[in-house]
Amino acid sequence: MVILDISIQSRVIIGISAMLVLFTSFLIVFISNHRKKLQYHKNLQALHEEQEKHLKEQNALLEQKVKERTVELSLQTESLEKTLDELKASQSQLIQKEKMASLGELTAGIAHEIQNPLNFVLNFGELNTELINEMKSMISAETLPQKFNNEMNELINNFSGNQYKILHHGRRADGIVKNMLQHSRKHRGILELTDLNELTDEYLKLSYHGFRAKHKSFICDFETSYDGAVEKIRIIPQDIGHILVNLFQNSFYSMNDKIKLLQDKYEAKLFVSTEKKGNKAIITVKDNGVGIPENIMDKIFQPFFTTKPTGEATGLGLSLSYDIIKAHRGEMKAESKEGEYATFIMELNYQ
Ligand SMILES: Nc1ncnc2c1ncn2[C@@H]1O[C@H](COP(=O)(O)OP(=O)(O)OP(=O)(O)O)[C@@H](O)[C@H]1O
Ligand SMILES: [Mg+2]
């Protein structure tokens, strides 16, 4: 038998070779498995990295979206706040308008009631003055004892002095009542196509001369800017003129007060301008006078509100202006910084 003939040496060689083949195949299998494992890990890591990258991108996207949304939300909040502020402002404006309307009616009502008894006071007062004069001439025609005559004359002079005061203050009251009654006057004049620039300039000059007639040392610098685009507008010129006069007089008064305070450290200056904006003609009057304190800002349009000394003003100027503007369906507002300036802005509509 051939097999049996194989020597032990060959058998050993065959055995070793078989073992080598076996070992090599094991090694190959092992290496290939290891490679597969390595590849698997690599793939896993790559997947992991891919997922991480994706996550990061998603995160960045989300963050961007959150940022955009926050900006959007804050913009919305801002616009809501603005709307709320505007609503509040128009609400207080409405309340103010209502207050003005009822104050105007009340004022007119009171004025009507007062005018009648006031007429009696004035008429009887004038009659008394005549009677006093008659009494005086009767007494001087008589020959009376000196002492009695002197005493009578003194009494009559006192009486006449008092009567003069009654008439003087009665006439002042009459002036106030007449001003009050202007509130109820619905139709002051007729609507006319008016050149607003001309009207403003004309009343500015008139007012300045009027004020300087009373306050001779008053000097004021002017800066005027009349917009050529302001077309003729349908208004009651006398009424708008009335407003302008009051605005200018108020400004001159305020600047004159500042002159008294600061003397040559101060130069009075008045800015007057007109402007056409859309459907509106706007007149602005700005002075660098004493300004309006914040705590009285909401009172200046009320009838009889004045900070001027008794006898110098009635406090009806702005309230009357407000009524006139309302009748023209326009707007009027004031802005000021106490001690620095006061600005009045009047807006009229083209129809
Ligand atoms: N340009 C201004 N500068 C400072 N204060 C002003 C100005 N305009 C108005 N005022 C304030 O508003 C108040 C009311 O003004 P308004 O014209 O109604 O009445 P008046 O001037 O006091 O009296 P009247 O106009 O009846 O003579 C003034 O007393 C003053 O306190
Ligand atoms: Mg006034």
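Values in this document were obtained by computation on a predicted structure and should not be read as measured data.

(A) Spotlight on helix α4 (residues 196–214). For α4, spanning 19 residues, the distance from its first C-alpha to its last is 27 Å, which sits close to the expected 27 Å at 1.5 Å a residue. Among all positions in α4, only Leu196, Asn197, Thr200, Tyr203 and Ser207 are buried. When α4 is viewed along its axis, its buried side chains cluster within an angular range of 135 degrees and face the same direction. Away from its buried face by more than 90 degrees, α4 exposes Glu198, Lys205, His209 and Ala213. Each element contacted by the buried residues of α4 is listed here: β1 (192–194), β3 (233–235), α5 (237–262), β4 (269–277) and β5 (280–287).

(B) Geometry of the pairing of strand β2 (residues 221–225). Of all the five residues making up β2, zero are buried; the element is thus mostly uncovered. Of the pairings in the sheet, the one linking β2 to β4 comprises five bridges and is parallel in character. Looking across to β4, one finds that serine 225 is bridged to serine 273.

(C) The environment of glutamine 302, seen in detail. Here glutamine 302 lies in the loop between β5 and α6 (317–327). A C-alpha to C-alpha distance of 7.7 Å links glutamine 302 and leucine 103, two positions 199 residues apart in sequence. Those residues in contact with glutamine 302 that sit more than four places away from it in its chain are Leu103 and Ser319.

(D) Region of interest: the sheet that holds β5. Overall, mixed pairing links the five strands, which are arranged β2-β4-β5-β7-β6 in an open sheet. The open sheet terminates on both sides in strands that have one partner only, identified here as β2 and β6 (331–337). Recorded for the sheet is a direction-independent mean angle of 10 degrees between the axes of neighbouring strands. Two elements, β6 and strand β7 (residues 341–349), share seven bridges in a ladder whose sense is antiparallel. What sits directly across from alanine 334, in β7, is phenylalanine 344.

(E) Quick peek at the packing of α5 against α6. At a minimum axis distance of 9 Å, the contact between α5 and α6 shows a crossing angle of 150 degrees. As far as their axial angle goes, α6 and α5 are roughly antiparallel. In the packing of α5 onto α6, the handedness of the crossing is left-handed. Residue-level inspection shows Asp239, His242, Ile243, Asn246 and Asn250 of α5 in contact with α6, the latter providing Gly317, Leu318, Ser321, Ile324 and Ile325. Split into classes, the residues belonging to the contact of α5 with α6 amount to four nonpolar, five polar and one charged.

(F) Spatial organisation of the site of ligand 1. Around ligand 1, the surrounding shell holds 22 residues, and the nearest of these are Asn250, Thr306, Ala313, Gly317 and Leu318. Taken together, the elements giving at least two residues each to the shell around ligand 1 come down to α5 and α6. The biggest single contributor to the shell around ligand 1 is α5, with four residues. Looking at the shell around ligand 1, its residues break down into eight nonpolar, 12 polar and two charged.

(G) Fine view of the domain arrangement of the protein. On domain assignment, one finds that the protein holds domain 1 (100–184) and domain 2 (191–349). Computed from C-alpha coordinates alone, the two centres of domain 1 and domain 2 are separated by 35 Å. Of all elements in the fold, only α2 (8–141) and α3 (146–182) reach the threshold of two or more residues within the side of domain 1 that touches domain 2. Across the side of domain 1 that touches domain 2, the residue classes tally to three nonpolar, five polar and one charged.

Each value, and the rule that gives it
Residues numbered from 1 in each chain as written. Chains lettered and ligands numbered in written order. Predicted model: local features only at pLDDT ≥ 70, side-chain atom pairs only at ≥ 80, totals over all residues. Helix = DSSP H or I, 4+ residues; strand = E, 2+ residues; numbered from the N terminus. Expected span 1.5 Å × (residues − 1). Buried ≥ 20, exposed ≤ 12 C-beta atoms within 10 Å, placed from the backbone. Arc of directions from axis to C-beta. Contact = placed C-beta atoms within 7 Å. Pairing = 2+ DSSP bridges. Axes fitted to C-alpha atoms, helices over the stretch in contact; angles between N-to-C directions. Parallel < 35°, antiparallel > 145°, perpendicular 65-115°, else oblique. Left-handed = near helix turned anticlockwise from the far one by under 90°. Nonpolar A, V, L, I, M, F, W, Y, C, P; charged D, E, K, R; others polar. Near = placed C-beta within 6 Å. Domains from an automatic or database assignment.

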